[in-house]
Structures are given as C-alpha cells and as structure tokens.
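Secondary and tertiary structure notes
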Amino acid sequence: MWIPTEHEKYGVVIASFRGTVPYGLSLEIGDTVQILEKCDGWYRGFALKNPNVKGIFPSSYVHLKNACVKNKGQFEMVIPTEDSVITEMTSTLRDWGTMWKQLYVRNEGDLFHRLWHIMNEILDLRRQVLVGHLTHDRMKDVKRHITARLDWGNEQLGLDLVPRKEYAMVDPEDISITELYRLMEHRHRKKDTPVQASNHHLFVQMKSLMCSNLGEELEVIFSLFDSKENRPISERFFLRLNRNGLPKAPDKPERHCSLFVDLGSSELRRDIYITVHIIRIGRMGAGEKKNACSVQYRRPFGCAVLSIADLLTGETKDDLILKVYMCNTESEWYQIHENIIKKLNARYNLTGSNAGTCDQEGGTPSSLSSQSWDTMSDLRGLAVSLQLLHGDIEQIRREYSSVFSHGVSITRKLGFSNIIMPGEMRNDLYITIERGEFEKGGKSVARNVEVTMFIVENSGQILKDFISFGSGEPPASEYHSFVLYHNNSPRWSELLKLPIPVDKFRGAHIRFEFRHCSTKEKGEKKLFGFSFVPLMQEDGRTLPDGTHELIVHKCEENTNLQDTTRYLKLPFSKGILLGNNHQAIKATKESFWITSFLCSTKLTQNGDMLDLLKWRTHPDKITGCLSKIKEIDGSEIVKFLQDTLDTLFGILDENSQKYGSKVFDSLVHIINLLQDSKFHHFKPVMDTYIESHFAGALAYRDLIKVLKWYVDRITEAERQEHIQEVLKAQEYIFKYIVQSRRLFSLATGGQNEEEFRCCIQELLMSVRFFLSQESKGSGALSQSQAVFLSSFPAVYSELLKLFDIREVANLVQDTLGSLPTIVHVDDSLQAVKLQCIGKTVESQLYTNPDSRYILLPVVLHHLHMHLQEQKDLIMCARILSNVFCLIKKNSSEKSVLEEIDVIVASLLDILLRTILEITSRPQPSGSAMRLQFQDVTGEFVACLLSLLRQMTDRHYQQLLDSFNTKEELRDFLLQIFTVFRILIRPEMFPKDWTVMRLVANNVIITTVLYLSDALRKNFLNENFDYKIWDSYFYLAVIFINQLCLQLEMFTPSKKKKVLEKYGDMRVTMGCEIFSMWQNLGEHKLHFIPALIGPFLEVTLIPQPDLRNVMIPIFHDMMDWEQRRSGNFKQVEAKLIDKLDSLMSEGKGDETYRELFNSILLKKIERETWRESGVSLIATVTRLMERLLDYRDCMKMGEVDGKKIGCTVSLLNFYKTELNKEEMYIRYIHKLYDLHLKAQNFTEAAYTLLLYDELLEWSDRPLREFLTYPMQTEWQRKEHLHLAIIQNFDRGKCWENGIILCRKIAEQYESYYDYRNLSKMRMMEASLYDKIMDQQRLEPEFFRVGFYGKKFPFFLRNKEFVCRGHDYERLEAFQQRMLNEFPQAIAMQHANQPDETIFQAEAQYLQIYAVTPIPESQEVLQREGVPDNIKSFYKVNHIWKFRYDRPFHKGTKDKENEFKSLWVERTSLYLVQSLPGISRWFEVEKREVVEMSPLENAIEVLENKNQQLKTLISQCQTRQMQNINPLTMCLNGVIDAAVNGGVSRYQEAFFVKEYILSHPEDGEKIARLRELMLEQAQILEFGLAVHEKFVPQDMRPLHKKLVDQFFVMKSSLGIQEFSACIQASPVHFPNGSPRVCRNSAPASMSPDGTRVIPRRSPLSYPAVNRYSSSSLSSQASAEVSNITGQSESSDEVFNMQPSPSTSSLSSTHSASPNVTSSAPSSARASPLLSDKHKHSRENSCLSPRERPCSAIYPTPVEPSQRLLFNHIGEGALPRSDPNLSAPEKAVNPTPSSWSLDSGKEAKNMSDSGKIISPPVPPRPTQTASPARHTTSVSPSPAGRSPLKQGSVQSFTPSPVEYHSPGLTSNSPVLSGSYSSGISSLSRCSTSETSGFENQVNEQSAPGPGPGPSYGGPDEPGRKESKTPPPYSVYERTLRRPVPLPHSLSIPVAAEPPALPPKPLAARPGHLENGTRRTEPGPRPRPLPRKVSQL
C-alpha cells in the first residue's frame, strides 16, 4: 500500500533507472527527485527537472537528503536544507555541464579545458565543505574560493551575475531593491575595475656574475637610489659570490633572493634606480702575484645601474644582464653610480668584453632570453631576475606563496613606511661611513686606510651580532670597510644598519678603528687611530640624526682599547670639542665623518618631547612644552601617544584654570594629527585609550566650557583657522566628554545629571545659532559651518550613550533644521550639508524606527531641494538608497506605511523627473565619468523601484486622489510610462543583471496594473486622450518584447526558477493589453494601422497563451477597418510589411502560422466580409510559409540551391501576389548576392536584369536605396547595365552581354558620348572574340522531384529542372542534392510517385537526366556556323526538356526485340527558361506520349544519319584532329555485330505481315526505307572521305569496311547509285549530303497548296547526341537517353561527335542508375511538342518533293525543275504582304511598374522599329538548299542562284541590302507578339504554318515544299517564331512573352552597314499586301520579362 512520506521528501539519484517496470519513472544519475509516497522499497515521485511526469522507482537508487517542506499537501514545495553555497554549486555545475559539451562541439578548446579545470576544483572544494571538518576560518576561505570560481565561470559562459551576501546567494524578495542594486553593482565593479594597489614590492634574484677576470670572491650589494634627491631610499641587500661568480650558498634562497618592500606609488618613477656595487675580496692589486701577500682586503670592483621604470610594464624580467662598470679612479668610487646615471660612464671600463649587451639609460640590461647558455662566455655582466609585485604584503604572501616558502630576505625602506601601523616595533640605527681626512704619518705616500667598527658597552664588552651589512647576510660583530689604495682622504659612503635593542642602547657607543694596510709581503694592518660616538646622550636623547665630524684620536698599534674608561672621557666630536674648549686636542687635523639616522618606535631624539613627558620634574616649563607640542614631529607624538595623552590630562587635572585652554588646543592638535593618512591607523589606539586608559572624570566640564567658548566666538572671529581645527576634532572631543561624564557618573552615582544636560543643550544651541547664520562677504563662516557639518554626524553615537534615542533625534533634527535653506548659498556648503544628511541616514540613529520617523522629514526636505535643482545627484542617490535599504519588501508595520506615505508625497514626482532628466543627457566621454553616470542612474532607478514595490493599494489610491485635475493626472501617467520605457531599455543594466531586470519588471507590471484602472476611468469616451493610450500600448509592447523575459532562451533550471517566482509576466501583460483594447470601443480606429506592427511583434513570441490572447485583436482591427473604409487594405499592407522584417529577425515559427490561420479563420466565419477576410488570411499565411522557409534556408552555412530557390520563390511572391515593389527589389539584390557568392554569374546577371527592367532611360532623380547613392534613373540603369554585362561575361554568356552592349551604346550615341561609346564598342568586340576563341562547356540538365511533407513549402511535392555545374554528371549532382537534403531518400525509379509518397512525413528525391530541346533551330540548322556559336543555342533559353523510357508492349519477340520496343517520351515545360534567375525552375506542365517501334526506328536512323553527316563534314573541313571517331562510327554502322544492324528493321517492319496488319504505317515504312537508303548513300560518301584521310596503319580496317558495306548494300537490295555521285568535298558543302525522297505524292488542297496528312505525334525525329550504339536486341533506356536534343534534322549536322560512335546496333537494355532507370551517361530525349512538328518537314518529304542536290539528283520534269527553282529562290521566309512593317514589328510590353508607384513604365522601343538579330552574321539573300520556301511576293523577284548540279555556298554580308518586299531569311523579321502570332515568321520548309491553305493567293501553284503537318485540332499553331539567337525568348503560344526590351535592339527594315544611330530606324512597309486571316489565338498569360526566363 502506498503511504505518503513524512521525512523522505528529497533525494539524489545515485544510479540510473530506465523505468522499464509499469509506471516506472526513468531517471539519470545525478537527477534530483521529490518523493510523494513509498511502498515496500519503492518510491513514487517525480524528477524536479520534469515535475509533470510522475512514476515509481526503487528506493535503493536514491540517496536521501534533508529538506524542509512548504505548503504541505498537493502543492507542497521541497527545499533542501543544505548550505546555500552547496545548492548553488550543484545547480551551477549542472548548467555548466551542458554548456561545457557545447564548447567542445564549437571547437572552443581553450575555454573547454579551462572550464574543465575549474569544475574539478569546485568539485574538490564541494567535497571539503560536505565533509564538515573545516574550521570556521577555513570554511570561509573555501567558500570564498568557490564563489570566485563560480563567478568566473558564469562570466566566461555569459551567464547571469549572482548577487551574494557573505558568499551566499541573496533572494531579491528578502532585501530591498536598493540593497540588491548595491550588491550587484559591487560585484560588477569588482569584476570590471580592479583596485589599484598603493603598496609595491620589488623582487630581486641574483644569478651570477660573468666576467673575464674573476678568481676572487665577491660581495654584491643592491639598493634603491633616488637620483632626484641623491640619496638611497632602501636598506641594502648583501650577498657573497664565490670565485666563479655564483652565490656562495645556492641552497639558501634567502641568501640570493630579496624582496624590497613598502615602495609607495610615488616611488615608481624613472629617477628611482636599482644600484649594484661589487666589492672583491683579495689582494690589494688585482694583478699581484698570488704569493705576494696572504692578507685579504675588501677592494672596489664594479658598479651596475638599472632604472625601475623598465619594470613598470608589469612584465617579469627573468634573465637580465646588467653591465658592470669598473672604476678607474678609486677616489670617485663613492659616486660611481651617480656618474653612470648621469651618463658619465665614458670614464669607466666595462668588466671584460660586454658583447651582446645594450647601453640604454643607466645601463639598461640586455635580455638573455634570446641567448643560449653556451654563449654565456661571450657576455660579461651581472645576471639577475627582477619582478615588480603590487598589493599588501599579506596579499603578496598568499599570491606568491612559492617565493616565501622557498625563502626570501626582506629589504626594508630606510625609515618608516608611508603608513605607520600601531604595534610596529622597530629600533634601527643607520650609520653611513662617509669619509675621513688623515695625515701621511711620516710616509712618503698616502695610506691605505681600513676602518673597523665595533659596538661597545660601557663595560668595554663588544656587542655581538648587531652590525648588519644588508638583508641577505646575518648580522656580524664587527665591520671592515673596503680599502682605497694610497688615499689619505678616502670616501666610502657605506651604509650599515645597527638593530640594537632598546635596553642595550643606553651606555653603548660605537668605536671606529683606523689601520694602515701594508702592501709588503707581510701584509700587516697597523692601527694608527680611533674615533667613537655614544648612542645616547645624558639627558636621555639618542644620537641626533645627521652628519657628525668625529675626532680621530691617535694611538699606537699596541694600544689597549678594551678599557673604555680611558677614552670615553675624551671628546668624540669636533662640535662638542669647540663647546667644551679642550685646548689640548684642538690642533688635530684628522677627522672622520659619519651620518646617523634613527628609526625607532621606542626612542626619541626630540628634547621637547622628553620635556613634556617629564613635566612634573620641571613644572615651570609646562606652558612652553604645551606651546611647542605643535612643532614636534607627528611620528614622535604617535610613538608615545598614550604617554602624551596621560600627560595632557594630568596637567588639566593639576590646574584646569591655568592650563585648560592650552591642554584643549594640544588635544585638538593630536586629534587632528590622527586624521593624517600616515597616522590614520592610530585612531583605534586613541579609541582604546579612551575606553580603557582615560581617567579624567572631571575633564568634561573644561572640555565643554572651552568648546562652547570657541563656538560662541565663531561669528565674531576674523581668523577662523584655529576654530575650524577645533570643529574638525569635535568627534573625539565629544568622545572624551562622554567618557569623562560616564566616569564621573560611576564615581558619584550620577550627580549633576541635569547640569550636564543643560551644558549640552546650551552647547547645541550655540551650534544652531552658528549654523543658522548666513555668510556675508568672505566665506570663512560658511567654511566653518562646512567643517562642523562634516564631523557632526560622528557625534550621534556618543550622545546616544548618555541620552534617549528620541532626545538625540530631536536634538539632531533641530540642529539640521537650523541650516539655512537658501539654495543659492555657497555650493561647497550645499554639498557638505548633503553629506551630513547622508552620514545621518547611515548612522545608528536613523536605523531605529522611532528616531527615523523624527528625522525623515528634514532628510526628505533637503533631498527634495537638491533634486529640484539637479545638484549633487550622486550624493542624493546614495542617501535615497540608504533610506530604502532600511525598508524591507514585506514590512507592513504601521510606521513603515507612514514613512512610505511621506516619501511618496515628497519624492515620487521629483524622482521621476530626475530619472527623465539624467537619462536624457548625453553620456560623458570618459570611462570613469561614464561609470559614475551609470551608477547614479542605476541608484535612482533602484530607489524608484523600491518605492513602488513598497506602495500598497492605499498608497496608489491616495496618490491618484491627490491630483486635482485630469491634466495633472495625465502628465503624471505620461511621465511614469516614459520612465518605465526607459527602465526597460537594454542598456539600463549590464547584460548579466537578469536578477535585477526581473525584479524591475515585476514592479513595473504591478504598477501598470494599478494605473490601467485610472486610465480606463479617466481617459475614455468623451475624455479620450490618444497620446496617453498610445504611450500605454507602446510600453506594454516593449515590455513583452524584452529579451530578459523570453523564457524559451533560458536553461530549464533558470526558467523553472523564474516561473516559480514571477510567473510568465508576458502573458499577464498580454491579457492586460487585450482587456484595455476591448475597452477602447470606437476609439480603436485611432490605432489602426499604427498598432498592427507592435501587436504582430508580440504575437510572434513563442508563448502559446500570449498568442491565443493577442491574435484575435487582428480580427477586431479588420472588423473596425471594414466598418470605416469598406476594406482592410491598410491592415493587409501593414501586416505584410512588418512580417518580413520581423521574421527575418528570427521571430515566428510554423506553429504561429497555423495558429494565426486557424484563430482568424474561426473568428471571421460569421462576418459579412468573410470572403475578403479569408483572402487576406490566406495571403498572409502563404507569405509566412515562404518567409519561414527563407529564414530556415538562410541559416545554412554555404550557398546552395535551397537558399537560391527559396529566395526566388519569395521574390516572385512579392511581385505577383503582393505587388510590393520595394520588397521585390530588396530580394532581387539578396538573390544577386547569393549568386555571386556561389559564382553563378549568369544567374546573377539575369537577376539584376529584373531591377534593370523597372528603370527607364530618363533623368528622373532616384533616392538613395540599398547600396545605390542618390542619382538619376539613367545613371542607375547605366550602372546596372555595366554590372550585368560584367556578370554575363564572367558566366560566359557573351551573346546576352552583346545585346546589352548595343543597348547602352545606343544611349551613349544619343548623348554624343563618343568616349564611352568607343569603350562599349570595344567591349562588344571583345565579347565576339571570346565567343570564337574560348571554350564553353555544355552543362547537363537534371529533373528533380521533391516529394513528402518534410520539404520546405516552395519545394514540397513539386518537380524542377536544374542546370548542372560545369563537369557535373548525374552521380555528382545526385550526391550534391543528397548533401543539401541529408534527410532525403533517393527514389530508385523514374515513375511518377503515388499519393502516399506525396503525403509522407519524410523527404523523397527523384533525380534523372533530361535533354534540353532548343526552341530556335535556325542557327543550329544553318550550315557553316561554327560549333562555338551553336553550342550556346543548344543549352540556352530552354523551356522544354524531354526524357525517354523504353519499354516492350505486348509479347516480346526474342528473335527481334525491335518489333515490340516502344518509347515513352515525357516532355517537361518550365515556368521560366534556363538559364534564368535560378539554376532550377519548376515544371509547369508535363506531356507523356508513346512512340511506336516503327517511329522509334525512324528516329534512331535519323539520328545516326545526322551523326554520320556531322562527322563526315568535320572530317572534310579538317575540324577533326583525329579520324578515329569517324572510323568507329562507320564501323559501328557497317559492321553491326551486336544486334544485326538495319537488317533487324527490315525483318521487323518490311515483312508482309507487318505491312498488312498496320496499313496506316505505309508512309512511315516508306520513310524508314528512305532513311536506310539515305544511310547507305551517306556511308558510301563517308567511306570515300575516310579513304582520303585514313592513316596507313588503318588501311586494312578501311578495306574491311568497304567489303562489309557492299554486303550491307546487297542486303538492302541496293545495286548501285547514280553515276553522278562524286566523292568530292566541292559537291558536299560542309559535309551535308541531301537525299531526295521518292514516295507517293502528297495530296493537294483545293487551292493548290499541298496538304500532307498529319503524322503521329510519336514520329518526330531526334538527334543522337552521345550516340554510342546501333539498334539493340533488347529494350533499354539508351534509346531514350542517347537520342539527341534538336528538333530539326538539320540541326544535327553540326553536332559534336561522340567518341564512342557505333552503328544502329545500340543495346536497349537499361543501364543501372542510382536514381532512375535512365542511364547516367546519356541525356533523356523527351518527345517534341505538337507545336514543333513542322520542324521536320524537310526530312519527311517524299523524294520527289525534297530539295535536289548534286549528290543525290532526282529526275524531275523541266517544268517542275523550273518551278522548283522559282519557288526556292532566295530561301525567303513567308510574310504576309498585307501587313505593314510596323504591324509586323514587336510591340514590347512595358514593365508592369517602375520605382515610382503608380507610374506606368513607357514602352522601351518604338512600335515602328523592327527587332533585329543582335549577334549572328547577317544571312545571305539565298539560303541553304535545305530551306526552300514559297514566295509570298506579288511577283517572282530575283533568281535562285542554285544550279541543278551543285550546291553553292554563300558568304553572308553584313551590309547587303534587304528588300522590303522580299524579306531575307533572317531572324530580324522574326518576332514574338503578345498575341502569340508572328506576322513576320519564317516560313521555310522546316518552319511553316500549320495550315497552308491560308497562304496568299498570289503564291505560285504547283509542286513545292510541303507544309508542316497540322490539323484542325491545333488552330492556334499558326507559325513558328525564331527569336533573336542571343536573346532570351519565349515559345509561341506556350510562352507568350515578347522579346524583352532589355535584350532587343530596334533596327531599321533596311539595315545600314553600321549599327543604326538611335532614333534613326525607319519602319518598312510592304505594299499591296492584305492581312491574312488567322484563327483566333489561344489566350496568353501576361508577357514575362527577360530576366524571368
């Protein structure tokens, strides 16, 4: 049975549980669980990370932890009772764990490893805390380390700053907002601005001395030297080096490492130097022989100097070489360092060769970092390591513990440090051995003097170990100076420290012994004199600081100096000698100088100080001593502070009348002395003295009396400096008064209490009077007032010791209330007054509620006054913060509520105004000032929030009732709404202050809820105020949109905490917006459409509840807009405009789209305007679909087809459905950028054309837009043209570039801008050159189907044709598509998928290759056109693609599979032609037809014949480098070993059974036979050509082919050809033999025009592009995919041969493919549309009807021949003579809109101009024999140049005149009309109308070229149009887009030799013509622009 748990409430999972049992709860190790029930070893509960899912789990999997339960029952909350630091650590580490893994994924290795290290440290520290064995101090230290690491990690990961108090997280609800702000600001400031250290320390480590002439031991002495004052500022660091220049004690680091401590900031400057003096220990002369003398002397060696400024950069100088200079002149040794500093080092030698060192100021060292130790012998100098450390010495010990643990000597500053600490014990006497003056002593040369020093007691005993050479060496008992050679006036300047204990000082003296050091062999040291000096004088004073000239007493070597009594009676100093007048020794000439300096906390050298302390022995000197106390050095006073104070109060007790004033002044001097920063730390010493040692019980009377006397004199005194000193000391004076009174009360039992109170009252009355006075004239009085106010708050605590708190509060209130209120008084006094108020608020007095209520009015009064004047805002902010810090959030005591009343009434309004004022100011430029500015703003904001949070319903009601008029209320509401908007700004708080922002938002929303009632009550209906309502809605919207409220971006734990504490504030505010909107009524119209954008932004937030609340408002807006204007166009326009910008910012999702659609559709169901509403919602929904797809695609890294396709979809949507011009243009440029990035230059050019077409060649000014400057429309269009040309050039689409070159050249010519015209013509010429010279790759085309619901909207269940990249074949393309759609599944067949695939929740890709079908055949069929030109037309401007799939119908004949081999031909029609603005376009229509086996055979033979012709032609014209392709092709056809060749067709279709069973195929069978015969003729001619060019080694193969060919001919029943056939290239121009067909004559129509029965749609031939095999015995995809692209048999003449050419014996078995059954190596060959059936007329004519040729003559009657020639003359296209030339010209459709809205773009080409062919060579007047047309002129004009026996080739001339009557066969006269009918179409045999019975009656009757096959079911297919070959064009009827004006060039009907000048083209007119009647064309869509194709 499940029992609710009592104690087991909270636990941590210690082993993962999969929850496999029924009702099991899956748990991961580390999860925390809340337990609800238990039963037999099982718990029931939930994981805290997902509280909605409850389940059971084993109790053994959970470790229980202590926790307390709140709200027991169904909604109980469990809070662990562990340390808050532990809780924070646990939750933080959980959050870090997830983010830490992401760092690895993002490859942020450095932070990844650092965070890993920190996490491990935190876990170790957590274990220490959990163990619970730490001491209190250690626990505090561990918590400090933990929080420091947590803060570091949070900062690195961009997490929130955590407010803490004593290392524990703070709940914002438990403290005031001002206190929270201070905690946050303190942690933020601590993080941002490190505190500048005031103490600095220099670490020195000696490494070695490298010198060439070593060999003796050395002493190295470091010290710091002030070159400005020419004195050392530190003690010495002394160390000894061995003979190798290395430290003698390497195992003792303290001997060679030292820390120079307590350097002040003032000492870190350039003129402070590190000086190093080196003394050698050895012989007198460095070059003496070793046995010359055994005595060791100290001798000068060298000096080095380094400026400390070189260390200020903070870098450690690890390996430095200091240059060591040797002193040549020993007499200057004492100042060698000064000379080096002054750059006088030229007089010194460097020690050895100092190669590699540098000589900067003061001998700046060279770094060894770049030197190896091997080359050290080349360097000469001192190797040291230096580092400057900053901070307190204890901090240094912690941070550099390794330095101190290994050992380091401490080198102090000379004298006391900048701050003297109480308790510091020092008693150091510094002696500097300066110089001496000695006589020769009977010698001929000067002496070598050595000084020996001892410290001697009175008894003659030498004090041991009290002479310190420096910090690195232990003290010694005696000192020996260095010896200067032959010098009777030696100068040493050696500093020694004598740390003598105080008890040894009295009676001790220092003795100096002088010896001459002989350089003889014995090396004797002979004593010749001595000096001495006592350490203390008889009166108790120590040896005064300064230089002393000592007497040198002469003595002999054997003089016994141990008996000190013999010489102590002698004078020791020459100053003393003169004073005592000792004549006996007056004549001495020898002297010795020393300098002494005492640094002692126990001894003094000041006589006045001693006199004061001994005042009882000399009572007569008391007055003098008290007067001189101000002259005594402060350090002397603080050393004896307690003794001095005892003395003063002793004198006061002795005679207060006489000495009271003097003692008071002395006391004031001492008190103020402690204000000095140097002695500031002695204040606690005085406090301790007052509390524990002070005994003046009667002193208070005298102190009060004297103090009052001074205060009363303030207003009268002229000089107030002394009075100000007194006022400055009032804190301690009151302390003495209070302590004295307490001592008196204790002694007397509280006597004279009333008298004391009166004295205090009188004193304060005097103070109040003095404060109330206004300064007149000089500011001395105000200065005194300021001095008093600055120290007065310190008195409160003293008064509280004696008086009741209310009494003190009233005294203080009266005193502060007496301050003058005039604002314009001295500013400095105003600031001090405010500081006084601030200290009052911070004092203990203000903390008590009783006294606070008394003081609050005066505090608020002064604050109000300063805020009103906007003065001292920083101080005001601090005071206000302190006021609110004392008011906790939940304080509901009556006193607190009353305080809030007072504050609201006094400060709320001024506080709002202050915030508005300071936030509207420009921020200061300096960083420090900016910080200060932000601080003061933040503090005022925190104060306002604190006040608003404390306000209750009653306070709000009182506030609103306090406004007398609606105007006042309106101003207040506008003001507070504005302030709230400011508070919501992101820059108001630092970005990681989420805690503070949430608190602020909670306060704001609470206040807004209160104020919205006032808004409803006072500003609706007749009192409606738009401004205040607008301000309200604006505030609400930006409140909801705040980043800190978007909970979806938070971690789960953070989101849970926020929801528990505050709920989702966005929903609350959204509900309030909805409520207020509903209250507006008819006033809603004021906010439509202004609020549509803001409300839309709110609804895009991914919060379901918020969306459900806000989306219905749009229905309301539509309804009100419909009522007002009858439509909601404004709503629609605003919605669409805003959606794009918002969704591009990442807002919105698929859920929102569905919700928007469903909610609004449901809302408008019953509306009268339902239809238009549904339309609007559908439009907006479709836009959202596209925008969401666009945004998702743009997230991808690389540019791919998905991005481009999505952009195209959106771009077209904006144009076609929304007509949003500006958005359309923006997306044009986005698409353009994508293409450039992907290097799709052709597509980029087409894209930019879209914008170009919107512009005209006008001077209309255009505004600055995107990257375009302000310019005219002409200039922008010119710029676009040039950019488009450049991109066409880069994309190798030079033909299109030529069109634009001509277009812009026209403009230059019209403006006579010949310079640019010349450049443009040269550019055009260069493009022609590139067409001929550069190789272009023909791309593959692929059909791609995207099936399944998982694809983006613009791809879903659609099929596209894509233009592949260069060299990209099917496998590569498929792999690329699968990479772009990694979730997609490749379909393995080419069949159309069924509905289940369409609706599947997956992605399916179906990919196979397709063949492009060029629409224009004219250039491709024309002979003599180079392949470089043709290649462009094969793969450009393609609308139609095809794909063939072979299959067997019926029973398959195993013997001959061709009998049943059918082909399913699929034709795909695109919405736009390729290439275009994208690499892929959607398939608009697909047609599927089946080709019978016979039709298939015909097409295969046609393709093979065409391939043979092409190869032969190439071989003839020597275009082939190698004859192998022709050889292989001939071999494949003649020797069809695989499938039997054409004989299989004979067996299949020429047998009687087939002919009888298929009577309708008679003509096709004839056609097949005709093709076989034609193939035989081609093969024979091909063999003749082959014989001519075949190499010798292939002759046997050629002979075999000839033999095989005769076998093949016999099998076809061909005996021999006409004798006219000659294998001559002359008779086979361009290798293009023509075969005349001999078949039954076609029937004729009644009007004489031939009507040929329409053939099956399956009968159109195709070209075998990659032709690899002949006819196969098995069906396969190769029949389809190897068939060609062209629709015309003539086209194939010029196709490139495939390397693998075989005969008709192709295998028809399907090659395996990944994506379809089509082979990857072949292009599909879909069926041609009916529209193009006329293109094969020439090849389908009977032999009698076919054009004659010299190679294949056809016997005809002379009359027929004559007629034939007449009809074929000129190869003219058919034209209607009844139409005028202007009517035949293209009438281009203007662009639908331009940049100016509402302005129709004018036609860009005159109607009278005829569209001319832009690029191809101008055609001749006589066409190729392949094209014969019926003349349409009234009479035969011109003779045909064709002769019966030959075909003559004509070279086209660009200047040839074109007759307007007989139009040449030129694409000039071919155009595209919006009606779909071209009146100037080319009616050649390959391109004629579908109905020839409507030709002009003047056409000659008789046999002629047959017309196209057309039927009555195709009334619209009148003509075929061949657009200009280089322009982008459309297919007739199916693509009724006119020739784009961007790519069309108007040319006169009579073109001149050069391009026509602009506006010079004349329309040509055809006379006497009548308009043909044509059946009505099919309706056509609106024309498309060039760039859409």
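Above this text is the structure in question.
Below: a short report on this structure. Treat the numbers as computed from the prediction; the structure is a model and nothing was measured.

Thoughts on the pattern of salt bridges
Per the stated rule, a full pass over the model turns up 99 salt bridges. Put simply, Glu899 and Arg852 hold a salt bridge, and the shortest N to O gap is 3.0 Å. With Glu899 in helix α28 (residues 894-920) and Arg852 in helix α26 (residues 849-869), this pair connects stretches of sequence that are 47 residues apart. Like Arg852, Glu899 is buried. Close ionic contact of Asp901 with Arg954 constitutes a salt bridge, the shortest N to O distance being 3.1 Å. Within this pair, whereas Asp901 is found in helix α28, its partner Arg954 is found in helix α30 (residues 953-961), the two being separated by 53 residues in sequence. For Asp901, a relative accessible area of 22% gives the class partly exposed.

Some details on helix α32 (residues 994-1018)
The terminal C-alpha atoms of α32, which comprises 25 residues, lie 35 Å apart, in line with the 36 Å expected from a rise of 1.5 Å per residue. Largest kink in α32: about 25 degrees, centred on Tyr1010.

Details of the environment of Tyr167
For Tyr167, the position within the fold is in the loop between β9 (164-165) and β10 (168-169). Using a relative accessible area of 23% as the deciding quantity, one classes Tyr167 as partly exposed. Sequence separation between Tyr167 and Ser84 is 83 residues, and the spatial gap between their C-alpha atoms is 8.8 Å. Among residues more than four places away in sequence, those in contact with Tyr167 are Val85, Lys140, Lys143, Arg144 and Thr147.

Side note on the sheet that holds strand β28 (residues 509-517)
Strand order across the open sheet formed by 5 strands is β26-β25-β28-β29-β31, with antiparallel pairing between neighbours. What marks the edges here is a single partner per strand, and that holds for β26 (478-480) and β31 (553-554). Two elements, strand β29 (residues 525-534) and β31, share 2 bridges in a ladder whose sense is antiparallel. Paired with Phe530 across the strands is His553, a residue of β31.

Focus on the sheet that holds strand β27 (residues 491-498)
If you trace the 4 strands from one edge of the open sheet to the other, you get β27-β24-β32-β30, paired in antiparallel fashion. If you trace the sheet from one side to the other, it starts and ends with β27 and β30 (546-551), each paired once. When strand polarity is set aside, the average angle formed by the axes of neighbouring strands in this sheet is 25 degrees. Relative to strand β32 (residues 591-600), β30 is paired through 6 bridges, and the arrangement is antiparallel. Looking across to β32, one finds that His548 is bridged to Ile594.

Let's talk about the packing of aromatic side chains
Inspection of the entire model under this criterion finds 67 aromatic pairs. Taking 5.8 Å as the distance between ring centres and 25 degrees as the angle between the ring planes, the aromatic pair formed by Phe664 and Tyr710 counts as stacked. Here Phe664, found in helix α15 (residues 656-673), pairs with Tyr710, found in helix α17 (residues 699-713); they are 46 residues apart in sequence, far enough to count as distant. For the pair formed by Phe664 and Tyr710, the shared burial category is buried. By way of ring pairs, the aromatic residues Phe977, Phe1024, Tyr1026, Trp1029, Tyr1032, Phe1033, Trp1077, Phe1087 and Phe1095 are connected into one cluster. Taking the ring centre of Trp1257 as reference, the NZ or CZ of Lys1277 above it sits at 5.5 Å.

A closer look at the pairing of strand β4 (residues 42-47)
Here strand β3 (residues 32-39) runs beside β4; their pairing, made up of 6 bridges, is antiparallel. Bridging across to β4, Glu37 finds its partner in Arg44. What sits between β3 and β4 in their antiparallel hairpin is a turn of 2 residues, with Asp40 showing a positive phi close to 50 degrees. For β4 and strand β5 (residues 54-58), the ladder comprises 5 bridges, and the chain directions are antiparallel. Residue pairing across strands places Arg44 opposite Ile56, the latter belonging to β5. Where β4 folds back onto β5 in an antiparallel hairpin, the turn is made up of 6 residues.

A word on the environment of Ala67
Position of Ala67 relative to the elements: it lies in strand β7 (residues 67-70). Sequence separation of Ala67 and His7 is 60 residues, and the distance between their C-alpha atoms is 8.3 Å. Aside from chain neighbours lying at most four places away, what touches Ala67 is Tyr10, Val78, Ile79, Pro80 and Thr81.

Re the packing of helix α53 (residues 1524-1534) against helix α57 (residues 1595-1612)
The interhelical angle for the contact between α53 and α57, taken along N-to-C directions, is 35 degrees, at an axis separation of 10 Å. You can see that α53 and α57 cross each other, and the crossing is left-handed. Taking contact as the criterion, the partners of Thr1527, Leu1530, Asn1531, Val1533 and Ile1534 in α53 are, on α57, Leu1597, Leu1601, Gln1604, Phe1605 and Met1608. Taken together, the residues of the contact of α53 with α57 sort by class into 7 nonpolar, 3 polar and no charged.

Definitions and limits used
- Residues numbered from 1 in each chain as written.
- Predicted model: local features only at pLDDT ≥ 70, side-chain atom pairs only at ≥ 80, totals over all residues.
- Heavy atoms only, no water.
- Salt bridge = Lys/Arg side-chain N within 4 Å of Asp/Glu carboxyl O.
- Helix = DSSP H or I, 4+ residues; strand = E, 2+ residues; numbered from the N terminus.
- Buried < 20%, exposed > 50% of the residue type's maximum accessible area, 1.4 Å probe, protein only.
- Expected span 1.5 Å × (residues − 1).
- Bend = angle between axes of the 7 residues up to and from the residue.
- Contact = heavy atoms within 4.5 Å.
- Pairing = 2+ DSSP bridges.
- Axes fitted to C-alpha atoms, helices over the stretch in contact; angles between N-to-C directions.
- Phe/Tyr/Trp six-rings, centres within 6.5 Å; stacked < 30°, edge-to-face > 60°.
- Lys NZ or Arg CZ within 6 Å of the ring centre and 35° of its normal.
- Left-handed = near helix turned anticlockwise from the far one by under 90°.
- Nonpolar A, V, L, I, M, F, W, Y, C, P; charged D, E, K, R; others polar.

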